[in-house]
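So you can see what is in the structure, the chains are spelled out below.
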Amino acid sequence: MANARILVVYYSRTGTTRKVAQSLSAALSCDSEEIAEAGSREGIFGYLRSAMEARRQIPSRIAATVRDPSLYDLVVIGTPVWAWSLSSPVRAYLLANSSKLPAVAFFCTLGGAGSDQVFGQMRELVGKQPLDCLSLTARDVASANHAPRLATFVEAIQRAIGNGRSSAATNAA
Ligand SMILES: Cc1cc2nc3c(=O)[nH]c(=O)nc-3n(C[C@H](O)[C@H](O)[C@H](O)COP(=O)(O)O)c2cc1C
């Protein structure tokens, strides 16, 4: 698919998933959008609320997003793992947008466990199989040891969309 349009959508509480998303959108030369919330998740109460929402599969209240996913050929969705579950802001995004999503790929960042559960929850919410999935530990992202696996993920995406170079969907905003 020549000139395939790709969007990277993600939520990040402490910056790890954001760092991966920024590397991905740079490598794919594509648009990106960070899911935002009005409230804060800082501190121990923010941590506990995040874990509770994720565990109970409660979507959070997210700000309206700018990019329309239906204008893209592929949407790459990224989330941190919270309590072996999908983060509540990404859950909210998928619930609001599942009918508009084209082909998808998933990535998550985590301390060490729960990626299979998260990808399973994302598959269920989206209702289709992802082209590829990537999980990276926060430790590997911090030390840049994640670079080879990230490159493999980018190659898999480019192969799946026919090596088309992505470009911004100019009328997406
Ligand atoms: C509420 C909460 C629950 C978490 N639960 C898990 C978990 O079940 N398994 C895991 O490997 N990491 C867990 N983590 C660690 C995060 O997934 C990891 O630090 C991630 O890279 C954070 O991404 P971010 O900086 O983009 O927010 C948890 C973090 C938070 C805040």
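Counting starts from 1 at the beginning of each chain's written sequence and moves along it residue by residue. Per-residue local features are limited, in this predicted model, to residues with pLDDT of at least 70; the limit for side-chain atom pairs, both in listing and counting, is 80 or more; totals at the level of whole chains, interfaces and linings are taken over all residues. Excluding hydrogens and water, the side-chain figures rest on all heavy atoms present in the structure.

A. Seen up close, the pairing of strand E6 (residues 133–137). Here, any two strands with at least 2 DSSP bridges between them count as paired. Think of it this way: any DSSP run of H or I at least four residues long counts as a helix, any run of E at least two long counts as a strand, and we number them from the N terminus. Relative to E6, strand E5 (residues 103–110) runs parallel, the two sharing five bridges. Each bridged residue has a counterpart across the sheet, and for Thr109 the counterpart in E6 is Leu136. Look down the strands so they point away from you; if going from the first strand over the helix to the second traces a clockwise path, that crossover is right-handed. The parallel pair E5 and E6, bridged by helix H4 (residues 115–126), forms a crossover whose chirality is right-handed.

B. Up close: the site of the ligand. The environment of the ligand is formed by 20 residues, the closest being Ser12, Thr14, Thr17, Gly112 and Ala113. Two N or O atoms count as a polar contact when they lie within 3.5 Å, although within protein this holds only if one can serve as hydrogen donor and the other as acceptor, and sequence-adjacent residues are included solely when both atoms are side-chain atoms. Residue Val81 places a main-chain N or O atom 2.6 Å away from an oxygen atom belonging to the ligand. Contact distances for the ligand include 2.7 Å between an oxygen atom and a side-chain N or O atom of Thr109. Only the protein chains shown count as cover for residues, with accessible areas throughout obtained via the Shrake-Rupley method and a probe of 1.4 Å. For the ligand, the accessible surface in isolation is 650 Å², of which the surrounding protein chains cover 87%. For the shell around the ligand, the residue count by class is 10 nonpolar, nine polar and one charged. When at least one non-hydrogen atom of a residue lies within 4 Å of a molecule or strand, that residue is treated as near it. Ten residues, namely Ala, Val, Leu, Ile, Met, Phe, Trp, Tyr, Cys and Pro, are considered nonpolar, four, namely Asp, Glu, Lys and Arg, are considered charged, and the remaining ones, Gly among them, are considered polar.

C. Looking closely at the UniProt feature "domain: Flavodoxin-like" (unreviewed entry) in the protein chain. Here the UniProt-annotated "domain: Flavodoxin-like" (unreviewed entry) positions come out as residues 5–123. As annotated, residues 5–123 comprises 38% helix and 24% strand, and the C-alpha atoms at either end are separated by 21 Å. UniProt positions are given in the numbering used here, feature names are shortened, and annotations may be inferred rather than shown by experiment.

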